[in-house]
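# Reading the structure
As a plain string of letters, each chain reads:
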Amino acid sequence: MKLRSTERSLGDRGRVSLLQILIAASCCWVSGARQPAPIRASGTDAVTEREMMMNIFRSFCTDCHGKWKQEAGLDLRTRESMLAGGKSGPALVPGEPQKSLVYLRVNADEMPPRKNLFGDENYAYRPRADDIEKLRAWIAAGAATEPSKVAREHAAAVFPSIGDEGRDLWAFQLPRRPAEPDVHSSHQLRTPIDAFVLRRLESRDLSYSAEADRLVLMRRAYFDLIGLPPSPGEMDAYLADVQPDSYERMIQRLLDSRHYGERWGKYWLDAAGYCDTQGVGGGRDEYRKYIWRYRDYVIRSINADKPYDQFLLEQIAGDECVDYKSLESLTPDQVDKLIATGFLRTAADGTDERANNKVPNRMRVLNRQIEIFSTAVLGLTFECARCHDHKFDPITQRDYYSFAAIFRTAYDPYDWRIPNVAIFPGGISIPKLYQRSLYHRSITPSSQLEEYNAALRKTIEEHQTVLDEKTARFSKQLQRERLTTSKPTSTDDEQPLPSPQEKRQLLEAIDLPEDQRNSPLQKLWKKYAELLKVETKQLEERYEDYKKESPPLRAKISEAQEKLLEEPMVHALFDMGGEPTAVYVLKRGDPRVHGEQVSAGVPGALQQGLEPYQVIKPSGRTDTSGRRLALARWLVQPDHPLTARVMVNRIWQHHFGRALVTPDNLGSGSEPPSHPLLLDWLAKEFVRQGWKLKEMHRLIMTSGVYRQNSLPNARAFQSDPDNVLLSRFPLRRLDAETIRDSLLHVSGQLDTTPFGPADEVEVVSSGEVISHATSKGFRRSIYMMQLHAHPLTMLELFDAPAMLPNCLYRTETTVPTQALYLWNSAMVRNCSTHFSEIVLAAEPENVDRQIELIYRRALVRLPTPHERQRAQAVIADFASRWQEFSADDPTMAHRQALMTFCHAVLNSPEFIYVD
Amino acid sequence: MSINPDQERKDNPRRELLQRQTVRTGLGRRDFFGHMGNGLLGTALAGLLTDDLISGRPADAAVVSHQGLQPRLPHVEPGATSVIQLFMTGGPSQVDLFDPKPALVKHEGELPRAFLDNVESVGRAGGLLPSPFKFTRHGQSGMPMSDAIPHLAQCADDIALIRSMWTDSFDHLAAIFLMHSGRTRNLSPSLGSWVVYGLGSDNKNLPAYVALDDPHRQILAGKSNWQAGFLPPICQGTRLRSVGAPILHLNAEKEFPDPVLELSRDLLATLAREHRDARGGQAELNARIASYELAARMQISATQALDISQETQQTHDLYGLNDKVSASYGRRCLMARRLIERGVRIVQIYMNCDPSDNPWDHHGNIKKELSHSCRQTDKSVAGLLKDLKQRGLLEQTLVVWGGEFGRLPLSQGKGRDHGANGFSVWLAGGGVQGGTIYGATDEFGYHAVENRASVHDLHATILHCLGVDHEKLVYKHHGLEEQLTGVDPARVVKEILS
């Protein structure tokens, strides 16, 4: 009978051969005169075998006999430490498996223990039979290991792995500032951007459309920069401003608005894969208690126009810039640097569950994080290179693993921390040593958190008071019952029962608070304490009401208690410290099959003309490798071919709805950029301006290309149907968050309180996920709790993405469920009511002015005379139709008419599209 | 304009015959834009809906457009045009249903050494446990089935049984993800969303991809089972509730009075049309208006499609609606038939979450628990097959039955633990050769040894039945050409096809 493992490995071997051919083929591709000397001169197979041997120890043993813990005094990380052994003597006797404890214990199934750190009987992560056999054979053969190698950190010297052909890829060339091209219609040039765009248009005999109407531009700019429409007051002020630079000043006001960071922060959070829960799937979707600090950090940084190079550096290696272990107290700026590393903690991580805390699971967390990083920052996909050399881009499998090695000192599968949620059902508490959150005592509570906790404490107190009152009432009742029903005929001497006299006294005492009982009474009470003692369980058994009412109260109390947040925790990434474990190329991406060892480094093809990736270990008590800091420094070089290009591409994308080149793939697998020269010019300009986002917004938004109207014309439609060349401004539908925020803003229900722990959402019985109002309304969508498993229904319907593992561009759909939502949902109906109430309050008398206000608030324009006239008629018609349902109250009918009118306006396409 | 049954039939000629059999009621009160007297929205749309949406692109060039899911041509002549996936969450035991193993009786209580080294849950597994159920041969094909499933046994000649399935994980979630999406991790697109991505929709009034689960509680993995993952969100399955309103927001909680509603719709239609006309007829704005219209149609169609009161008593009995134990699952099976009839591409049906969210997870007592699960489903599943057959729908509908894995032939008390190395699934209907048995497990039913079939093989076979080549159905995501069947080679199990 053949069994699974043999069968599987046979099958695997079949696949290997195919893949080996592929790998061999790609090796030919990268080989050449520049092929580096291999790290090891000979005997690769034997070496690999020995390394794999150590891997068995790392997989099964070193959690308890390793770097942080040496149970029974034993350390199984090296041959030497095995020979030294622990309390029971040497663990290893080379050549004699039957005398080697390490073999005997494993073979007898005593080790690893069933109840090991992250496992229990069901999920004991046990060596397979063939692993044990290998262990025996290895010891029998003398237990040889490789001398430990300190891999060189200087990647450039080790990996010039890509031939020149790899460098042909445009995105890997250093950007050069192109000269502004000449154009015919020079009168349309407002900024250098226009020269590049017009040049492309003129090559197709096209040009710009006319400039958009002032209010159209205003609405566009508001949605673009802050994600909310202007208020009627702002609209009036802008129309009254007749200075020539009124537009530029409006842009400046928007860039200064604190809502700007909420709008543009969201784009970054999407790229970073931000989510308030772990998202490991199934029934599990644990809350990441402290990640909101990272969200707030992003919003604050963007509002402050933190230069992008600094912004990146903090997020990649903020912890390596602050010697936080030496410092007694940290400045807010230093705390921010720790919080910023939350950027590297967004990948789904389910390793807090025993079954998902094996080496492959841990590696998957790192793989996902690298995927997020490479697409968001480098605009490249590395994921294919995890199993084989990249088919399209000059990224080798070795590049992948040396890039992974940069993060391995923090995400070490053989020295692992679990995410900060403790969900062990058995109530096993997790020692701090194994948690991933960072703690620092100098992190002071924020006012938002104080408020958040205060609200919870209030809830707890309220419920507790009710519960205590109930418990007291029923306890007294039970005590009375016991006293009145007990008969003094008991034969049980140890439990004497009160005499009638005593009974009377005790019955009176029940209603007296303890401190008001006189001392004989207290003595008496003590005497019958056993009889009078009441337990919750007894109350529940005796009283149906109590049984029904108390558990929900208790549940609410403990639920609120669980939500209380400990302040000084940061959802951060940091190095484990100590000697990092070696990193190997994993053949076919399989953690069990090691290839050659690699050191931390960046892709070979990305090194020409750049300062090399160079690791300098930071001094100080905080033991950190400096690998990520080296990466950050390497990335923010002014000439880096990808860093600035990727970011200006993203900025362009969110202004025009289409990027200049596929945002998540600047590699050869993508379409070439629509405006390659413009992309490079913008990238150089971005760096020249000091990596400032706001400068780029100003530049783009004051360009002619941005100020066009969005009306299609037939000729442009013929030669450029998709408007790739931008002969008009693209008409765009608002994204999910902006629709929700605008609905709330227009109806006066938006609570603009920023920051703090995310607002909870609720899954109601219909399956809809809804948000709840605060005392001041509903907060902006960015502050809603973003659950992997249960996104807010409204946002999901309008294409808010799932983080898989992040999102660089959204798919936009136009589906009937959106129409059903806008038309039927309680949320939009409520908004309509509030909207009409606001209008009525502001303009109680004049219907025409009511109509005007509705148009101004919702659509940022005045109604045309025809629209005014029709609205008058429709509202009157509505009123008459409502009349028969309004108990003959004409005021009520008009209110309802106005509400219905507002409802139609909020449903209209004009409300959710921007010209 | 009003929704006209003839119009709908014309849009969908393949279903002409079927539609005639459906009893149609008059229009409901809440037909949204449907009964607008002056046709403000309607005029522009009639053309858009009937002509533009049928583009006939082949599936490998699939483009999911703004408008949604245009029907697309398959790669090859398909056996089936729709799928009903009967997912048996928890892992039904193969040796108690489809894969008789007399050797278990002979070796009862023994624990072969080979098991010790390889069974991952051996910590709590006991010796070999014979099936408490009796097997007999059925139909002309003589397919053995146990007495736990007497109704399905009557359909033996319609089903093709694969006895040699194996999967990667003995963990429920990982195995459920794999069986649904070809990946052991969450957040990957489900089989159904790949099918919809590849073939689009034949019905403009209903979601192309429907999940019918216990309306009261979510099954294990919940909506992950019908997610679109990185595919366009429109490919995601829609959970239709088999009680109450089938879709969220199908109706307002408190609706405007009729005369107000009517005027409201007219007003919105006018606003939408003026907005579009002022912007030179951009396609996106047409699509937006079309989505309003679709919403209106869905309001009627979804309600009608799930209204099983239109079915005869005889049909109700056929699906086991007259028995309290099988009624809930039977209702969903009957709804699935009505949805398939209307051109829904894929329907996934899940078990009741009673007693647990993985109902076939029979650790405790295989005789008692498996009997109960069978009583809940057997009559309804067989009823579905019989009903599809008598209506001529079976030849264009692929029915797939199976769980995420099977169970061990070993005992775990009176129950059985998970078994991932060998288990059974069956297929019936379009493109499948009924009465076939493919593959075999070892003498104890533990390990698939002959003609092993992977989950990817099963997926490739399902796609093949729909006329889709699994190698060609690709989607570019983060620079990778993703496909349902992953990177390892998958094989269509041609031996079970007609």
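Residues numbered from 1 in each chain as written. Chains lettered and ligands numbered in written order. Predicted model: local features only at pLDDT ≥ 70, side-chain atom pairs only at ≥ 80, totals over all residues.

### Some points on the overall build of chain B
Quick note on the threshold: The helix count covers DSSP runs of H or I at least four residues long, the strand count covers runs of E at least two residues long, and both are numbered beginning at the N terminus. Burial is judged by counting other C-beta atoms within 10 Å of a residue's own C-beta: 20 or more means buried, 12 or fewer means exposed, and anything between counts as partly exposed, with every C-beta placed from the backbone. Contact definition: two residues whose C-beta atoms, as placed from backbone geometry, lie within 7 Å.
Helices and strands together make up the secondary structure of chain B, namely 14 helices and 16 strands. Among the 498 residues that make up chain B, the fraction classed as buried is 58%. A sequence separation of at least 24 residues applies to 76% of the contacts in chain B between residues at least 6 apart.

### Describing the domain arrangement of chain A
We count it as follows: Domain boundaries shown here were taken from an automatic or database domain assignment.
The domain boundaries assigned to chain A delineate domain 1 (448-562), domain 2 (736-797) and domain 3 (816-914). One C-alpha centre belongs to domain 1 of chain A, the other to domain 2 of chain A; they are set 42 Å apart.

### Structural notes on the sheet that holds strand S1 (residues 82-87) of chain B
Residue and element names in this part refer to chain B. Put simply, the rule is: Here, a strand pair is defined by DSSP locating no fewer than two bridges between the strands. Here the axes come from fitting lines to C-alpha atoms, over the contacting stretch only for helices, and the angles between their N-to-C directions go from 0 to 180 degrees.
Strand order across the open sheet formed by eight strands is S6-S5-S7-S1-S8-S11-S4-S12, with mixed pairing between neighbours. The strands lining the two open edges of the sheet, one partner per strand, are strand S6 (238-239) and strand S12 (436-438). Two elements, strand S5 (residues 209-212) and strand S7 (residues 346-350), share four bridges in a ladder whose sense is parallel. Residue pairing for S7: Tyr209 is matched across the bridge by Ile346. On the sheet, helix H14 (residues 455-465) packs against S1, strand S4 (159-165), strand S8 (397-402) and strand S11 (423-429) and is oriented at approximately 165° with respect to S8.

### As for the nonpolar core
Under the convention used in this document: Remark: nonpolar core denotes a set of buried Ala, Val, Leu, Ile, Met, Phe, Trp, Tyr and Cys residues whose joining runs through C-beta atoms within 7 Å.
Within the largest apolar cluster, 324 residues are counted, with the highest numbers of intra-cluster contacts made by Val648 and Phe901 of chain A together with Ala336, Val347 and Leu427 of chain B. Apart from residues lying up to four places away in sequence, Ala336 of chain B is in contact with Ile84, Leu212, Val347, Ile349 and Leu384 of chain B. In this structure, Phe57, Cys61, Met111 and Ile139 of chain A belong to the second largest nonpolar core, which totals 19 residues.

### Some remarks on the environment of Leu294 of chain B
Within the secondary structure, Leu294 of chain B sits in helix H10 (residues 283-305). Along the backbone, Leu294 of chain B and Lys204 of chain B are 90 residues apart, and their C-alpha atoms lie at a distance of 7.1 Å. Look past the residues within four positions of Leu294 of chain B in its chain and what remains in contact with it is Pro816 of chain A together with Lys204 of chain B.

### Details of the confidence of the model for chain A
Residues and elements named next belong to chain A. Going by this rule: pLDDT measures the predictor's confidence residue by residue and takes values from 0 up to 100.
Looking at chain A as a whole, its pLDDT mean stands at 83, while 85% of the residues score no less than 70. When the criterion is pLDDT under 50, residues 116-124 qualifies, and its contacts beyond four places in sequence or with other chains add up to 19 contacts. Low pLDDT (under 50) marks residues 148-165, which in the prediction has 44 contacts with non-local residues, meaning those over four places away or in another chain.

### As for the environment of Ser190 of chain B
Residues and elements named next belong to chain B. Relative to the helices and strands, Ser190 is located in the loop between helix H7 (172-181) and helix H8 (191-199). Taking the C-beta count within 10 Å as the criterion, Ser190 has 30 such neighbours and is therefore assigned buried. The sequence separation of Ser190 and Leu231 amounts to 41 residues, and the corresponding C-alpha distance is 9.4 Å. Excluding its chain neighbours within four sequence positions, the residues that come into contact with Ser190 are His180, Ser181, Asn225, Trp226, Gln227 and Gly237.

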